[in-house]
Structure formats: structure tokens, C-alpha cells
Amino acid sequence: MSESTHTHQVVVPYPLEAVWEALGHAADLDLAGGQEVVERVSAAEWTVALDEHHATHCTAAYDAAAHRMDVTMDSTAKHEDDTTSIILAPVDAGTEVTVEQTVRGNFVVMKMLQFVGAGALDKVADSIISNIEALCSGGETRRMSADDLDEYAKERVAGWKKD
């Protein structure tokens, strides 16, 4: 089994306790990148629709001492589970949030990831961070839309034409 891990790190202007509390709403963070929640078992267990035939079951596990949340994403579309980990650390300006996305799969899946690029994972990580900030500020969370994903795809294709 091959895997690829992408790390995205930012500082948000909220105290560690507020960010940790936001992680308690894992199902609202858009960890699966715009996929619609079709079943919510709890704030830490939910299922998203990939398409009409496939879904991903997501389960969050928490380590309070390490300020870490690990989400396992078990997809019916492939044999390997993906994971997203969010690790928090206090800094003077607020909280450093590290999003580690590990994608597992066969050769074809790994080649597709290389083809699409880490930018897609950055887009998903940015969405996660935006939702953490929304929860910390009392705002509403937002899932990436098909338009957001289409916009990224158009940017990516335009970049290929220049190369």
C-alpha cells in the first residue's frame, strides 16, 4: 500500500481551549472536502456521500493531552483508509493548527494525487481551518461547494497550459 502525507500549518487568533472545543464538532469541519453529510451518528462520527454508489464513514478520536484529533475516513470506493490529523499548539498569537492529511491507495490513486497536486489538499485544509475559525467566532461553518472545486480545477488546468 502506498501513501502520501501532506501537512498544512497556520496560526489562528484564538486560544487553544477555544480551538480544542471547535474540534469537538468534527462533523462540521468539512474534513472530506465538500462532500455532503448523509448520516450524522454524533459530532465525532458521520458518513459523507462520495456519489450515488459510494460513501465515506468518518470517525474522530481525541487525545486531550496531546491536543490532537485523528479522523479515520473509511471509503467504500477504495480498500485503504485515509486519515486527517489536527494537532494544536499554543503560540503567542493564538493557536498553531497543523492539519496532516494522509491519503492511502494503490498506484493509480497515488498517481492521481500527484496529477491533481497538493493544492487540492491545501484547499481542503483551508476549508477545515475556516470552519475552525467560524466555530471559534460563533459563525456558521461552510462546506466547500462544487463551484469551489470547479474553480480549483480550472486554475489547475490553466496552470498546465502554461507549462
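Residues numbered from 1 in each chain as written. Predicted model: local features only at pLDDT ≥ 70, side-chain atom pairs only at ≥ 80, totals over all residues. Heavy atoms only, no water.

Another aspect to go through is the overall build of the protein chain. What the protein chain contains, in helices and strands, is 4 helices and 7 strands. Counting from the amino terminus, the protein chain carries its helices and strands in the arrangement β-α-β-β-β-β-β-β-α-α-α. Across the 163 residues in the protein chain, those meeting the buried criterion constitute 36%. At a minimum sequence separation of 6, the contacts of the protein chain that also span at least 24 residues come to 52%. Accessible area for the protein chain stands at about 9000 Å²; split by element, carbon and sulfur atoms hold 52% of it. (Helix = DSSP H or I, 4+ residues; strand = E, 2+ residues; numbered from the N terminus. Buried < 20%, exposed > 50% of the residue type's maximum accessible area, 1.4 Å probe, protein only. Contact = heavy atoms within 4.5 Å. Areas by Shrake-Rupley, 256 points an atom, 1.4 Å probe, with all protein chains shown as cover.)

Considering the arrangement of structural elements, one finds Asn131 in helix H3 (residues 118-137). Residue class for Asn131 comes out buried when judged on its relative accessible area of 2%. Within the structure, the side chain of Asn131 is placed 2.7 Å from the backbone nitrogen of Arg142, a separation counted as a polar contact. What Asn131 contacts, discounting residues up to four positions off in sequence, is Asp28, Leu29, Asp30, Thr141 and Arg142. (Polar contact = N/O pair within 3.5 Å; in protein donor to acceptor, adjacent residues only side chain to side chain.)

This part is about the side chain of Thr83. Positionally, Thr83 belongs in strand E6 (residues 82-91). Contact partners of Thr83, with chain neighbours within four places excluded, come to Val71, Thr72, Met73, Glu100, Gln101, Thr102 and Arg104.

Turning next to the packing of aromatic side chains. Per the stated rule, a full pass over the model turns up 1 aromatic pair. Seen from their ring centres, Trp20 and Tyr62 are 5.9 Å apart, and the 85° between their planes marks the pair as edge-to-face. Here the residue Trp20 occupies a position in helix H1 (residues 16-23), and Tyr62 occupies one in strand E4 (residues 55-63), the gap between them amounting to 42 residues. Taking relative accessible area as the criterion, Tyr62 reaches 35% and is therefore assigned partly exposed. (Phe/Tyr/Trp six-rings, centres within 6.5 Å; stacked < 30°, edge-to-face > 60°.)

In this structure, Asp30 is a non-glycine residue whose phi angle is positive, near 65°. Relative to the elements of secondary structure, Asp30 occurs in the loop between H1 and strand E2 (37-42).

With that out of the way, let us pick up the pairing of E6. Counting buried residues along E6, 7 of its 10 residues qualify, which places the element largely inside the surrounding structure. Relative to E6, strand E5 (residues 68-75) runs antiparallel, the two sharing 6 bridges. Residue pairing across strands places Met73 opposite Asp82, the latter belonging to E6. (Pairing = 2+ DSSP bridges.)

As a further point, take the nonpolar core. Counting residues in hydrophobic clusters, the biggest one holds 29 residues, and the most contacted among them are Leu31, Trp46, Met69, Val71, Ile86, Val97 and Ile132. When residues in this core are grouped by element, the largest group, 6 residues, is from H3. Setting aside residues no more than four positions away along its own chain, Met69 makes contact with Trp20, Leu23, Ala26, Leu29, Leu31, Ala60, Ala61, Tyr62, Thr84, Ser85 and Ile86. (Core = buried A, V, L, I, M, F, W, Y, C linked by side-chain atoms within 4.5 Å.)

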